[in-house]
Amino acid sequence: MTNLEYLAWFLEETFGAICFHNEIEDGYVEFPNENKEIETLAVYFPNELDLMDWEITERLTRKAGKEFFRRYVGARNVRLCPVYGNLLFTAYRLNNETIYIQGESFFCGPTGLGFIIDYFLGRDISYRTVGKDAPKVELKGNNGFQLKIGDDILLTLKKFLLEQKKKLIGISDFYKSPYNYTGEFLNKEKRITELTKEFGCVVVNSSKLAGERQEKFRATLKYMSEEDWDIFFKAIGKERRKEDDE
């Protein structure tokens, strides 16, 4: 099992995510007779708002059925819940060894979920706390997983995985970033430049595709009513301000 396969398992089981592994429309390509390969994972956190985008609706319906937007318990009876949007990750390998995982984790709502995703990508999330490093939002999953205000995200996640008899990142053959959390992002441009020399336009196209999908999702926000927004802000424990609508 790779980092991305492990991530897909966790997000599908916990938040009803719909994941697509190594599909051409997500930028997956093969390099025949070469010592390099990539792996892609597209992650969708479905909400009722996704019905406003026919392309996403068609893809998610094909994979998960017409009621795909009810998969996550927190997304039922709301148009937009605190876990939303879509993400794209690409892992790069040379000689069967992962050397980097590309993709941003913080486009899935104002919760601590971004740090959880980073853990599965091999990034260091030590000492991250809900309410300090992540917004003061309790995060509940479909399978009993829960993050409460004040929880250490890494310790809470590890405890859950051990209870599920799952492996931990960092003590097995999973990819682990050589940088600390800050260093991961400070060295991002350097790593992307190095990858581009080896993997060509695949690297640039992955970032471009991820950005385009995020923009498409943001475009659907215009379909949110005043009541929809009130429900959303209540769910994230935040008072709605005028600037939030701009």
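Every value quoted in this text rests on a predicted model; they were computed, and no experiment measured them.

A word on a nonpolar patch on the surface
Part 1 of the reasoning: A cluster of nonpolar residues, Leu51, Met52 and Tyr223, forms a patch on the protein surface that exposes about 240 Å² of accessible area.
Part 2 of the reasoning: Mapped onto the elements of the fold, tyrosine 223 is located in the loop between α7 (201-219) and α8 (226-235).

Some words on the pairing of strand β2 (residues 36-45)
Part 1 of the reasoning: Judged by how many residues are buried, β2 sits mostly within the fold: nine of 10 residues are covered.
Part 2 of the reasoning: Here strand β1 (residues 18-21) pairs with β2 via four bridges, running antiparallel. The partner of histidine 21 across the bridge, within β2, is leucine 41.
Part 3 of the reasoning: In the sheet, β2 pairs with strand β3 (residues 85-94) via 10 bridges, with the strands oriented antiparallel. Its bridge partner lying in β3, alanine 42 is registered against leucine 88.

A closer look at the sheet that holds β3
Part 1 of the reasoning: With respect to topology, four strands assemble into an open sheet ordered β1-β2-β3-β4, the strand pairing being antiparallel. With one partner strand each, in any of the chains shown, β1 and β4 (97-102) form the two edges of the open sheet. Going from strand to strand, the sheet's axes swing by 20° on average, the running direction of each strand aside.
Part 2 of the reasoning: Against the sheet, helix α6 (residues 188-199) contacts β2, β3 and β4, and its axis sits at roughly 120° relative to β4.

Structural notes on the packing of helix α1 (residues 3-15) against helix α4 (residues 153-163)
Part 1 of the reasoning: Interaxial distance between α1 and α4 falls to 13 Å at its minimum, and their mutual angle equals 90°. Considering their axes alone, α1 and α4 lie roughly perpendicular with respect to each other. Mapping the contact onto sequence places Tyr6, Trp9 and Phe10 in α1 and Leu157, Phe160 and Leu161 in α4.
Part 2 of the reasoning: The residue makeup of the contact of α1 with α4, split by class, is six nonpolar, no polar and no charged.

Cut-offs and rules
Residues numbered from 1 in each chain as written. Predicted model: local features only at pLDDT ≥ 70, side-chain atom pairs only at ≥ 80, totals over all residues. Heavy atoms only, no water. Patch = residues over 30% accessible without salt bridge, like charges linked within 9 Å, V, L, I, M, F, W, Y side chains within 5 Å. Areas by Shrake-Rupley, 256 points an atom, 1.4 Å probe, with all protein chains shown as cover. Salt bridge = Lys/Arg side-chain N within 4 Å of Asp/Glu carboxyl O. Helix = DSSP H or I, 4+ residues; strand = E, 2+ residues; numbered from the N terminus. Buried < 20%, exposed > 50% of the residue type's maximum accessible area, 1.4 Å probe, protein only. Pairing = 2+ DSSP bridges. Axes fitted to C-alpha atoms, helices over the stretch in contact; angles between N-to-C directions. Contact = heavy atoms within 4.5 Å. Parallel < 35°, antiparallel > 145°, perpendicular 65-115°, else oblique. Nonpolar A, V, L, I, M, F, W, Y, C, P; charged D, E, K, R; others polar.

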